[in-house]
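The chain contents come next:
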Amino acid sequence: MDTPDSLLRNYGPPAFNAVRGEGAYLYDESGKGYLDFGTGIAVTSLGHSHPKWVRAVQEQASSLVHCSNLYGIPGQIELADRLVAQAGPGRILFCNSGAEANEALIKLARLHGRRQSNNEDGRRYHVVCAENAFHGRTFGGMAATPQEKVQSGFHPMLDGFRHGKLNDIASFDRLVDDSAAAVFIESIQGEGGIFPAEPGFLRELRALCDERGALLILDEVQCGIGRTGHFFAYESAGVRPDAVGMAKGLGGGFPIGAIWVAEPFADLFQPGSHGTTFGGNPLACAAAHAVLDVIEEEKLLDAVTKLSPPWHQALEALLQKHSAHITGLRGIGYMVGLQLQTDCRTVANAAREKGLLIVPAGHNTIRLLPPLIATKEDLLASVEILDEVLTNLD
Ligand SMILES: *Cc1c(COP(=O)(O)O)cnc(C)c1O
């Protein structure tokens with residue numbers, strides 16, 4: 001297919017038109033079904049058209065869709081309560097996407113730095129991110145994302161970003177000086193090719209930030225909301241960040257983003273500091289409530305924790321069998337990357353032909369991002385299809 005004439009060409013031409021989804025499957029115009037392990041890039045956490053989610057969105061749409069943040073929104077307040085219950089004492093700001101969550105987090109870092117340095121043009125404004133990161137396509141997100149393919153054509157970048165090496169605490173130790181307002185990293189790098197921050201590294205970063213008075217901010221836009229078997233990916237490291245960004249899986253397909261800010265820093269945002277027209281509107285919040293309800297009712301965190309090890313074992317066996325094509329397996333829970341020798345786009349295209357959707361990522365990696373409702377059969381089917389694909393490539 002070509003890029004349609006009326007659309008800008010910022011996306012490559014699509015492989016097919018998607019018209020319907022049901023559970024773990026996405027269907028094209030011809031009625032062909034695909035096991036969807038791309039999940040709209042880690043978004044459709046409950047799979048497609050989960051009945052409980054559909055009902056919640058329909059019911060909310062028939063009573064109130066939007067009213068702006070000029071008025072109180074009971075569903076938004078309840079959703080904030082639920083996220084605070086997950087993350088810890090603090091406050092929530094809602095927005096519409098991952099990039100917007102990250103913009104708000106960068107603004108938080110600037111406010112913190114200004115307070116720390118006690119002057120409006122504060123010396124303290126650097127945000128220390130990681131090499132190979134991805135934080136979105138806005139100017140803040142791009143500056144935080146040190147990748148030529150993201151930044152190309154858009155210079156000059158927003159000032160004030162530095163980049164250390166993920167899992168190399170010495171590199172952060174050098175960069176987090178008294179001009180640094182925050183450290184800002186993904187708990188698991190997604191677009192960059194599925195590179196988890198090691199638990200020990202996160203704990204050392206926590207200690208470093210405490211010592212230097214910098215905020216520890218985690219981007220959980222892709223890895224959060226249950227994908228690792230914990231609600232937040234950082235939980236397994238036993239650290240508590242000062243702020244967290246979320247989006248993708250939170251709405252289960254409806255656009256919503258959010259930031260959580262720990263209590264001691266929550267007052268950095270004051271009336272007038274920030275705002276958004278759509279953020280946290282009643283319909284978006286109803287969608288997110290449905291996601292959280294189903295995660296609880298269907299015990300999806302337990303399911304991810306229980307079904308991941310046999311799936312990872314099967315993927316490990318796939319690696320052994322096809323070591324000429326696969327050179328590494330990384331990830332946690334339902335966020336897995338296969339490092340390939342063979343071009344990742346060739347493998348993703350062949351998998352799609354055989355009815356499996358996966359997403360290419362950095363470092364010639366393919367990402368497998370199953371919905372949290374994936375069954376053992378779905379997970380093993382993904383390995384079987386990849387086995388066929390790689391056998392055909394031999
Ligand atoms: C996708 C992503 C973003 C950007 O989210 P959008 O909703 O596309 O703006 C930011 N950070 C991470 C880690 C992401 O994976």
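Residues numbered from 1 in each chain as written. Predicted model: local features only at pLDDT ≥ 70, side-chain atom pairs only at ≥ 80, totals over all residues. Heavy atoms only, no water.

A. The arrangement of unusual backbone geometry in detail. The peptide bond linking His155 to Pro156 adopts the cis configuration, its omega dihedral lying at 5°. Here the phi dihedral of Ile41 falls at roughly 60°; this positive angle occurs in a residue that is not glycine. The topology assignment puts Ile41 in helix α1 (residues 39-42). By relative accessible area, which is 34% here, Ile41 ends up partly exposed. For Asn364, which is not glycine, the phi dihedral falls at a positive 50°. Asn364 sits in the partly exposed class, given a relative accessible area of 23%. (Helix = DSSP H or I, 4+ residues; strand = E, 2+ residues; numbered from the N terminus. Buried < 20%, exposed > 50% of the residue type's maximum accessible area, 1.4 Å probe, protein only.)

B. Local environment of the sheet that holds strand β17 (residues 365-368). The four strands are arranged β13-β14-β17-β16 in an open sheet whose pairing can be described as antiparallel. The sheet terminates laterally at β13 (326-332) and β16 (359-361), the two strands that pair on one side only. If you compare each strand with its neighbour and ignore which way they point, the axes differ by 30° on average. Relative to β17, strand β14 (residues 335-340) is paired through four bridges, and the arrangement is antiparallel. Along β17, the bridge assignment pairs Gln339 with Thr365. The strands touched by helix α11 (residues 300-321) within the sheet are β13, β14 and β17, with β13 carrying the most contacts at an inclination of about 165°. Relative to the sheet, helix α12 (residues 344-353) contacts β14, β16 and β17, its axis offset from that of β16 by approximately 170°. (Pairing = 2+ DSSP bridges. Axes fitted to C-alpha atoms, helices over the stretch in contact; angles between N-to-C directions. Contact = heavy atoms within 4.5 Å.)

C. Examining the domain arrangement of the chain more closely. Along its sequence, the chain is carved into domain 1 (53-297) and domain 2 (299-393). Summarising the inter-unit geometry, the C-alpha centres of domain 1 and domain 2 are found 27 Å apart. Contacts between the two partners involve 23 residues from domain 1 and, on the opposite side, 22 residues from domain 2. Counting the surface lost from both domain 1 and domain 2, the interface buries some 1,800 Å², and carbon and sulfur atoms represent 63% of this. Interface area lost by domain 1 to domain 2 is led by Ile194, Arg227 and Ile295, which between them contribute 37%. Put simply, domain 1 and domain 2 have one salt bridge between them. Linking Arg367 and Glu191 is a salt bridge whose minimum nitrogen-to-oxygen distance equals 2.7 Å. On the surface where domain 1 and domain 2 come into contact, there are twelve residue pairs in polar contact (both at pLDDT 80 or more). Only β8 (188-189), β9 (195-196) and α10 (282-297) provide two or more residues apiece to the side of domain 1 that touches domain 2. Looking at which element gives the most residues to the side of domain 1 that touches domain 2, the answer is α10, with four residues. Partitioning the side of domain 1 that touches domain 2 into residue classes produces nine nonpolar, ten polar and four charged. (Domains from an automatic or database assignment. Buried area = accessible area lost by both parts, 1.4 Å probe. Salt bridge = Lys/Arg side-chain N within 4 Å of Asp/Glu carboxyl O. Polar contact = N/O pair within 3.5 Å; in protein donor to acceptor, adjacent residues only side chain to side chain. Nonpolar A, V, L, I, M, F, W, Y, C, P; charged D, E, K, R; others polar.)

D. Molecular detail of the layout of surface pockets. Empty space within the second largest pocket amounts to approximately 560 Å³. When residues of the lining of the second largest pocket are traced back to their parent elements, those giving at least two are α3 (74-87), β4 (90-95) and β12 (257-262). Sort the elements by how many residues they give to the lining of the second largest pocket and β4 lands first, with five residues. Residue classes in the lining of the second largest pocket are distributed as ten nonpolar, ten polar and two charged. (1 Å grid on protein atoms, 1.4 Å probe; cavity = no way out; pocket = protein on both sides within 12 Å on 5 of 7 lines; lining within 4 Å. Points joined across faces, edges and corners; volume = space filled by probe spheres on them.)

E. Local environment of the packing of α11 against helix α13 (residues 376-393). Packing of α11 against α13 brings their axes to within 9 Å, and their N-to-C directions diverge by 10°. By the angle between their axes, α11 is roughly parallel relative to α13. Here Leu307, Trp311, Ala314, Leu315, Leu318 and Lys321 of α11 lie close against α13, whose contacting residues are Lys376, Leu379, Leu380, Ser382, Val383, Leu386, Asp387, Leu390 and Thr391. For the contact of α11 with α13, a count of residues per class yields ten nonpolar, two polar and three charged. (Parallel < 35°, antiparallel > 145°, perpendicular 65-115°, else oblique.)

F. Spotlight on the packing of aromatic side chains. In the structure shown here, the tally under the stated rule is six aromatic pairs. Where Phe16 meets Tyr34, the ring centres are 4.4 Å apart and the plane angle is 5°; that geometry is what we call stacked. Here the residue Phe16 occupies a position in the segment before β1 (18-22), and Tyr34 occupies one in strand β3 (residues 33-36), the gap between them amounting to 18 residues. A residue is classified by how much of its surface remains accessible, and Phe16, at 17% relative accessible area, is buried. On the basis of relative accessible area, Tyr34 is assigned to the buried category, the value being 4%. Taking the centre distance of 5.5 Å and the plane angle of 70° together, the rings of Phe172 and Phe201 count as edge-to-face. Here the residue Phe172 occupies a position in helix α7 (residues 169-175), and Phe201 occupies one in helix α8 (residues 199-212), the gap between them amounting to 29 residues. Since its relative accessible area comes to 0%, Phe172 is described here as buried. Residue classification places Phe201 among the buried positions, given a relative accessible area of 3%. Here the aromatic cluster, defined as three or more aromatic residues joined through ring pairs, consists of Phe37, Trp311 and Tyr334. Over the aromatic face of Phe195 sits the side chain of Arg330, whose NZ or CZ is 3.9 Å from the ring centroid. (Phe/Tyr/Trp six-rings, centres within 6.5 Å; stacked < 30°, edge-to-face > 60°. Lys NZ or Arg CZ within 6 Å of the ring centre and 35° of its normal.)

G. Representation of the site of the ligand in the model. Taken together, Ser97, Gly98, Ala99, Asn102, Phe134, His135, Gly136, Glu186, Asp219, Val221, Gln222 and Lys248 form the complete shell of residues around the ligand. Contact distances for the ligand include 2.8 Å between an oxygen atom and a backbone N or O atom of Gly98. Within the side chain of Lys248, an N or O atom sits 2.7 Å from an oxygen atom of the ligand. In isolation the ligand has 380 Å² of accessible area, and contact with the protein removes 81% of it. (Near = heavy atom within 4 Å. Areas by Shrake-Rupley, 256 points an atom, 1.4 Å probe, with all protein chains shown as cover.)

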